[in-house]
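Listed below are the residues making up each chain.
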Amino acid sequence: QDVRKLLSFEVPAGIVVGPRHPLAGCEAVRLSDCASYPFVAPDFSLATRERIERAMQAAQMRTVPGVVSNSIAVIKRLVRDNVHVAFLGAVDVVEEMRDRTLRFIPLGDRQWPKEELSLIVRNGTGMPPATHAIVERLREQLAKVVAIA
């Protein structure tokens, strides 16, 4: 192989809502729990959208997003209204979770697999000390994201 994995984390799939949204107090939700709320979806240029479509088909849900955007920043702004639900990863909302301006809630549905977040480098390349320090910092930060989610 030409590459090697330096670190890898499983990150649960989930929804993002405003802090006063009716689902905000849940520890986990199912897709069916989200069906009665308007949702904001990424467009097909973002990899998450295809996963959303497959999970909804597996759950036999025929929901049409109220808003579609190719901007995660726009999606996050829209769910702050405490009405909409967005399907984003915990990595997308780390700062907002820390500031408590948005709430990430893991999905309990089996048809929605966890995402793997990895840092991959080319084989045969040495890492200078600065790169090694960055990798260790990323490892620490990603561990915190997984712990928060």
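Given the structure is predicted, the values throughout are model-derived calculations rather than measurements.

Peer 1: Mind showing me how you'd approach the overall build of the protein chain here?
Peer 2: Helix and strand counts for the protein chain come out as five helices and seven strands. Scanning the protein chain from its N terminus toward the C terminus, one meets helices and strands in the order β-β-α-β-α-β-α-β-α-β-β-α. With the C-alpha coordinates of the protein chain rotated into their principal frame, the extents come out at 50 × 35 × 25 Å. The buried share of the protein chain, reckoned over its 149 residues, is 38%. About 8800 Å² of surface is accessible on the protein chain, with carbon and sulfur atoms providing 51% of the total. Across the protein chain, the mean location of the 20 positive side-chain charges is 2 Å away from that of the 17 negative side-chain charges.

Peer 1: Got a minute to help me understand the pattern of salt bridges in this structure?
Peer 2: A side chain of one charge can pair with a side chain of the opposite charge if their charged atoms are brought near each other. As enumerated under the stated definition, the model contains five salt bridges in all. One salt bridge in this structure joins lysine 76 and glutamate 96, with 2.9 Å as the shortest N-O distance. Here lysine 76 is found in helix H3 (residues 72-79), whereas its partner glutamate 96 is found in helix H4 (residues 94-99), with 20 residues between them in sequence. Each member of the pair, lysine 76 together with glutamate 96, is buried. When the shortest N-O distance is used, the salt bridge between arginine 137 and glutamate 140 registers 4.0 Å. Taken together, the residues span about one helical turn, with arginine 137 and glutamate 140 both in helix H5 (residues 129-148) at a distance of three residues. Classification of glutamate 140 by relative accessible area gives partly exposed; the value is 45%. Each of the salt bridges in this network shares a partner with another, and the network as a whole consists of Lys76, Arg80 and Glu96.

Peer 1: Please explain the side chain of histidine 21 as it appears in this structure.
Peer 2: Tracing the sequence through the fold places histidine 21 in the loop between strand E2 (13-17) and helix H1 (31-34). Among the residues examined, histidine 21 registers a relative accessible area of 4% and is labelled buried. From its side chain, histidine 21 meets the backbone nitrogen of leucine 23 in a polar contact 3.0 Å long. Those residues in contact with histidine 21 that lie beyond four places of it in its chain are Tyr37, Asn82, Val83, His84 and Val85.

Peer 1: Explain the sheet that holds strand E3 (residues 39-42) here, please?
Peer 2: Sheets are built from strands paired through backbone hydrogen bonds, the pairs being either parallel or antiparallel. Read across the sheet, five strands follow the order E4-E3-E5-E2-E6 without closing on themselves; strand pairing throughout is mixed. In the strand order of this sheet, the two ends are held by strand E4 (67-69) and strand E6 (103-106), each with one partner. Looking at each pair of strands side by side, their axes are set apart by 35 degrees on average, direction ignored. As judged from the three bridges shared by E3 and E4, these two strands associate in the parallel manner. In the sheet register, alanine 41 faces E4, and the bridge partner there is valine 68. Most of the contacts of helix H2 (residues 47-58) go to E3, to which it runs at about 125 degrees, and overall it touches E2, E3, E4 and strand E5 (85-89). Packed onto the sheet, H3 meets E2, E3, E4 and E5 and runs at close to 140 degrees relative to E5.

Criteria and cut-off values
Residues numbered from 1 in each chain as written. Predicted model: local features only at pLDDT ≥ 70, side-chain atom pairs only at ≥ 80, totals over all residues. Heavy atoms only, no water. Helix = DSSP H or I, 4+ residues; strand = E, 2+ residues; numbered from the N terminus. Buried < 20%, exposed > 50% of the residue type's maximum accessible area, 1.4 Å probe, protein only. Areas by Shrake-Rupley, 256 points an atom, 1.4 Å probe, with all protein chains shown as cover. Lys, Arg positive; Asp, Glu negative; His and termini not counted. Charge placed at Lys NZ, Arg CZ, Asp CG, Glu CD. Salt bridge = Lys/Arg side-chain N within 4 Å of Asp/Glu carboxyl O. Polar contact = N/O pair within 3.5 Å; in protein donor to acceptor, adjacent residues only side chain to side chain. Contact = heavy atoms within 4.5 Å. Pairing = 2+ DSSP bridges. Axes fitted to C-alpha atoms, helices over the stretch in contact; angles between N-to-C directions.

Take it as geometry only, folks, not as evidence of what the structure does.
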